[in-house]
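One letter stands for each residue in the lines below.
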Amino acid sequence: MDYKDLNLIGSSSPHIRTRDGAGHIMGEVLIAMVLPLAFAVYNFGPRALATAAVSVAGCCLFELLYRLIMKKNNTLGDLSAAVTGVLIAFVCPVTIPYWILLIGDFFAIVVVKQLFGGVGKNFLNPALAARAFMLSWAGEMTTWVGPRSTIPAWGAFDAATYPTPMSFLHEGNLSGLQQMYDIPKMFVGLTGGSMGEVSALLLILGGLFLIWRKVITWYIPVSYIGTVALLTFLFPRGNDPLQWMLYNLLGGGLLLGAFFMATDYVTSPVSHLGQAVFGIGCGLITVFIRYFGSYNEGVCYAILMMNLTVWLIDKSTKPHRFGVVKAKKERKPKPRQSPKKEAPKK
């Protein structure tokens, strides 16, 4: 057969095309967060859904306005702004005022993401950076409500600080925590805390869904969670090692951070070895802050600090290229020095 009779299409690389673009991947992440969001609505009332909706709308609006002002193409279709909006809502208490939430959205989208070039170019996780910035309003960011609260979406409501599992763990008071929450309640999520971090069961299911869909790999979650498990088991602060380890794994934002934030493509290493090193570093810093810091939780700052080391981890764990031989540098011969001429004797 003559090749001229074939219906060939000439195009530039890449020649292998896939539908797994940014929009498809972010869509999978949104699907994985549906069940934790639904449980937040069940656990904290309709305000949880309103908080997520306001956050997503704020992130999308700020991204759209920035791109229009800077005369750049519209990038809302990649759904990264929507994912950031849901994650910001997940790491906040359900009682967070909407105006603080919108300030966090602006900081995440405009300052952390767009000013550095947009999606794929930010060096910090936008949602966690926004949470760290929103802690400027410490009172509003640390006002928790108990499980099975019915907080209205709009209007006034009574909110009082409710003890979360991390407040007990920070003090090393395992017996007090066990009197308030048992392991099944911690696993299901019938506890106080940020609206998207309480249900360990649904966060694990969401993470396994992302691993099954090959959106993320298991290296970062396993190394991160495994490091926290090992350290808390070896150093239980005078408590039962197994119980102390389980409560540390199920409490706080560890599972949310390990599956949904530390695995961010842009702010995590490329190689598998680098991802394992990144996860171990996150685990070490998390436990260090929980044990010795003045702040109850260490996940947010642990991931942000490790985000700053990704360039170094990528450089140090760059895989070997098989079949490539490094060219030996040729040593240039030293120029010969001409013998010194003796001055003629008079």
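Note that the coordinates shown come from a computational prediction; the quantities given were computed from them, not determined experimentally. (Residues numbered from 1 in each chain as written. Predicted model: local features only at pLDDT ≥ 70, side-chain atom pairs only at ≥ 80, totals over all residues. Heavy atoms only, no water.)

A separate point is the side chain of Arg67. Here Arg67 is to be found in helix α3 (residues 46-69). Although Arg67 is buried, it makes no salt bridge; Glu63 carries the closest opposite charge, 5.9 Å away. Within the local environment of Arg67, its side chain forms a polar contact with the side chain of Gln114, the two groups lying 3.0 Å apart. With residues up to four places along the chain from it excluded, the contact list for Arg67 reads Lys72, Asn73, Thr75 and Gln114. (Helix = DSSP H or I, 4+ residues; strand = E, 2+ residues; numbered from the N terminus. Buried < 20%, exposed > 50% of the residue type's maximum accessible area, 1.4 Å probe, protein only. Lys, Arg positive; Asp, Glu negative; His and termini not counted. Salt bridge = Lys/Arg side-chain N within 4 Å of Asp/Glu carboxyl O. Polar contact = N/O pair within 3.5 Å; in protein donor to acceptor, adjacent residues only side chain to side chain. Contact = heavy atoms within 4.5 Å.)

All right, on to unusual backbone geometry then. Look at Lys71: it is not a glycine, yet its phi comes out positive at around 55°. Within the secondary structure layout, Lys71 lies in the loop between α3 and α4 (80-90). The exposed category is assigned to Lys71, whose relative accessible area is 77%. Residues other than glycine seldom take positive phi values, yet Lys214 does so here, at roughly 60°. Looking at the secondary structure, you find Lys214 in the loop between α11 (200-212) and α12 (219-234). The exposure class of Lys214 is exposed, given its relative accessible area of 74%.

Here we take up the packing of α12 against helix α13 (residues 241-250). Taken N-terminus to C-terminus, the directions of α12 and α13 make an angle of 145°; their axes are 8 Å apart at the nearest point. Taken as a pair, α12 and α13 cross one another with a handedness that is right-handed. Between α12 and α13, the contacting residues are Ile225, Val228, Ala229, Thr232 and Phe233 on the first element and Pro241, Leu242, Trp244, Met245, Asn248 and Leu249 on the second. Looking at the contact of α12 with α13 residue by residue, the classes come out as nine nonpolar, two polar and no charged. (Axes fitted to C-alpha atoms, helices over the stretch in contact; angles between N-to-C directions. Left-handed = near helix turned anticlockwise from the far one by under 90°. Nonpolar A, V, L, I, M, F, W, Y, C, P; charged D, E, K, R; others polar.)

Our focus in this paragraph is the nonpolar core. Residues Ile88, Met134, Met195, Tyr224 and Phe260 are the most contacted members of the largest nonpolar core, which totals 89 residues. When sequence neighbours within four positions are dropped, the list of residues in contact with Phe260 reads Val29, Ala32, Met33, Leu87, Leu203, Gly206, Gly207 and Leu210. (Core = buried A, V, L, I, M, F, W, Y, C linked by side-chain atoms within 4.5 Å.)

Under the counting rule described, the total for this entry stands at three salt bridges. The salt bridge partner of Arg213 is Glu28, with a shortest N-O separation of 2.9 Å. Of this pair, Arg213 sits in the loop between α11 and α12 while Glu28 sits in helix α1 (residues 22-32), and the two are 185 residues apart along the sequence. We classify Arg213 as partly exposed; its relative accessible area is 34%. Residue classification places Glu28 among the buried positions, given a relative accessible area of 6%. Where Lys113 meets Glu63, a salt bridge forms, and the shortest distance between an N and an O atom there is 2.8 Å. Pair noted here: Lys113 is in helix α5 (residues 98-113) and Glu63 is in helix α3, with a separation of 50 residues, a long-range link. Glu63 shares its class with Lys113; the two are buried.

Along an α-helix, residues three or four positions apart point the same way, because every turn accommodates 3.6 residues. Buried within helix α2 (residues 34-44) we find Pro36, Leu37, Phe39, Ala40, Asn43 and Phe44. Projected down its long axis, α2 carries its buried residues within an arc of 160°, all on one side. (Arc of directions from axis to C-beta.)

Taken N-terminus to C-terminus, the directions of α2 and α3 make an angle of 135°; their axes are 6 Å apart at the nearest point. When the axis of α2 is compared with that of α3, the two are oblique. Only Pro46, Ala48, Leu49 and Ala52 of α3 make contact with α2, whose side of the interface consists of Leu37, Ala40, Val41 and Phe44. Across the contact of α2 with α3, the residue classes break down as eight nonpolar, no polar and no charged. (Parallel < 35°, antiparallel > 145°, perpendicular 65-115°, else oblique.)

So, on to helix α16 (residues 299-307). Most of α16 sits inside the fold, with seven of its nine residues counted as buried. Where α16 is concerned, the buried positions are Val299, Cys300, Ala302, Ile303, Leu304, Met306 and Asn307. Where α16 is buried, its residues meet α6 (126-134), α12, α14 (254-261), α15 (272-292) and α17 (310-316).

The next thing to look at is the state of the cysteines. In protein structure, a disulfide is the covalent linkage between the sulfur atoms of two cysteines. Tallied over the entire structure, the rule returns zero disulfides. With no disulfide of its own, Cys59 lies closest to Cys60 among cysteine sulfurs, the gap being 6.9 Å. (Disulfide = S-S within 2.5 Å.)

Another aspect to go through is the environment of Val145. With respect to the element layout, Val145 can be found in the loop between α7 (138-141) and α8 (165-171). In this structure the C-alpha to C-alpha distance between Val145 and Met195, which are 50 residues apart in sequence, comes to 9.7 Å.

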